[in-house]
Amino acid sequence: MALIIDRFEGDFAVVEVDGKEMKDIPQKDIPQSAKEGDVLKLVNGTYEIDVDGTKRLRAEAEQMMKDMWK
């Protein structure tokens, strides 16, 4: 399951789930250092930042931007 933080609203992180739907997750349930664009993974019932997934997503987005301006 792919979970990407889209934005923060009040006490919730609005997360895109598998590119299909949005879900509100209480901020208290995700790492304090999480920010918009971070990929989350659920490990033993706890949300963690997927560092590799986040790097991969950012690299893909950067490449798409470069390709647009060619």
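Look up a bit, the structure's there.
Residues numbered from 1 in each chain as written. Predicted model: local features only at pLDDT ≥ 70, side-chain atom pairs only at ≥ 80, totals over all residues. Heavy atoms only, no water.

Caption draft 1: Molecular detail of the pattern of salt bridges. Applying the stated rule across the entire model yields six salt bridges. Here aspartate 6 makes a salt bridge to arginine 7, at a shortest N to O gap of 2.4 Å. For arginine 7, a relative accessible area of 31% corresponds to the partly exposed category. Glutamate 9 is paired through a salt bridge with arginine 7; the nearest N and O atoms lie 2.6 Å apart. Overlapping salt bridges, with partners in common, bring together Asp6, Arg7 and Glu9 in one network. (Salt bridge = Lys/Arg side-chain N within 4 Å of Asp/Glu carboxyl O. Buried < 20%, exposed > 50% of the residue type's maximum accessible area, 1.4 Å probe, protein only.)

Caption draft 2: Up close: the nonpolar core. Among the nonpolar cores identified, the biggest contains 10 residues, and these are Leu3, Ile5, Ala13, Val15, Val17, Ile25, Ile30, Ala34, Leu40 and Tyr47. Only strand 1 (3–9) and strand 2 (12–17) provide two or more residues apiece to this core. Ranked by the residues each element gives to this core, the list is headed by strand 2, at three residues. Those residues in contact with isoleucine 30 that lie beyond four places of it in its chain are Ile5, Phe8, Ala13, Ile25, Leu40 and Tyr47. (Core = buried A, V, L, I, M, F, W, Y, C linked by side-chain atoms within 4.5 Å. Helix = DSSP H or I, 4+ residues; strand = E, 2+ residues; numbered from the N terminus. Contact = heavy atoms within 4.5 Å.)

Without other data, these values stay purely geometric and don't point to any function.
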